[in-house]
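The chain contents come next:
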Amino acid sequence: MTRLITQQTLAELTRAAKESPRLRKNLNFHTSNDSACHRLLNALEPGTYVAPHRHLHTEKDETMMVIRGSFGVLLFDEQGVISETVVLSQTQGSLGITIPAGVFHSMVALESGSIFFESKAGPYAALAEEEKAQWAPAEGDSACVAYLQNMTAQFA
């Protein structure tokens, strides 16, 4: 089935992200979590916390392309030290990034209404313990606010 991505699609996705307790919302184009290729739009609002993580399966490289707004992408070493930061934006920095499997990463929304397109291999599998950054707070932990402020400050 053909599916158009319109300005209205982006506006509705942004509204849903703003209304979500997690301040983010995705729109999947793959038919199920078992699909071999996952393609989706992901709307993130400032204040959402994406816990640093990695994907260990060798086919789980992630490619992200900014559609609207801007994001700060953070790459970390094994100990949690920031090894690289990248701004994704249509007007400055880079338009997209491919993050290799095994690299710890996170991102922050730098402005309201930010949306990116993401593609990675399926099927979906919840993160295993060794894919979670043990040196960063888990989503929902009270330390998330300070950790997110530190990540966001990397792009000030």
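Residues numbered from 1 in each chain as written. Predicted model: local features only at pLDDT ≥ 70, side-chain atom pairs only at ≥ 80, totals over all residues. Heavy atoms only, no water.

On strand 6 (residues 96-99), burial follows the alternation: Ile97 and Ile99 on one face are buried, whereas Gly96 and Thr98 on the facing-out side are not. In the sheet, strand 3 (residues 62-68) pairs with strand 6 via 4 bridges, with the strands oriented antiparallel. Following the sheet pairing, Glu62 is matched in strand 6 by Ile99. (Buried < 20%, exposed > 50% of the residue type's maximum accessible area, 1.4 Å probe, protein only. Helix = DSSP H or I, 4+ residues; strand = E, 2+ residues; numbered from the N terminus. Pairing = 2+ DSSP bridges.)

This paragraph deals with the nonpolar core. Grouped burial of nonpolar side chains is what soluble globular proteins tend to show. Core analysis: the biggest nonpolar cluster contains 14 residues, and Leu44, Phe71, Val73, Leu88, Ile97 and Met107 have the highest contact counts within it. Taken together, the elements giving at least two residues each to this core come down to strand 3, strand 4 (70-76), strand 5 (82-89), strand 6 and strand 7 (104-109). Per-element tally for this core: the top contributor is strand 4, with 3 residues. Ignoring any residue separated from it by four or fewer positions in sequence, one finds Val73 in contact with Glu84, Thr85, Val86, Leu88, Ile97, Ile99, Ser106, Met107 and Phe155. Ranked by size, the runner-up nonpolar core spans 12 residues in total, among them Tyr49, Leu74, Cys144 and Tyr147. (Core = buried A, V, L, I, M, F, W, Y, C linked by side-chain atoms within 4.5 Å. Contact = heavy atoms within 4.5 Å.)

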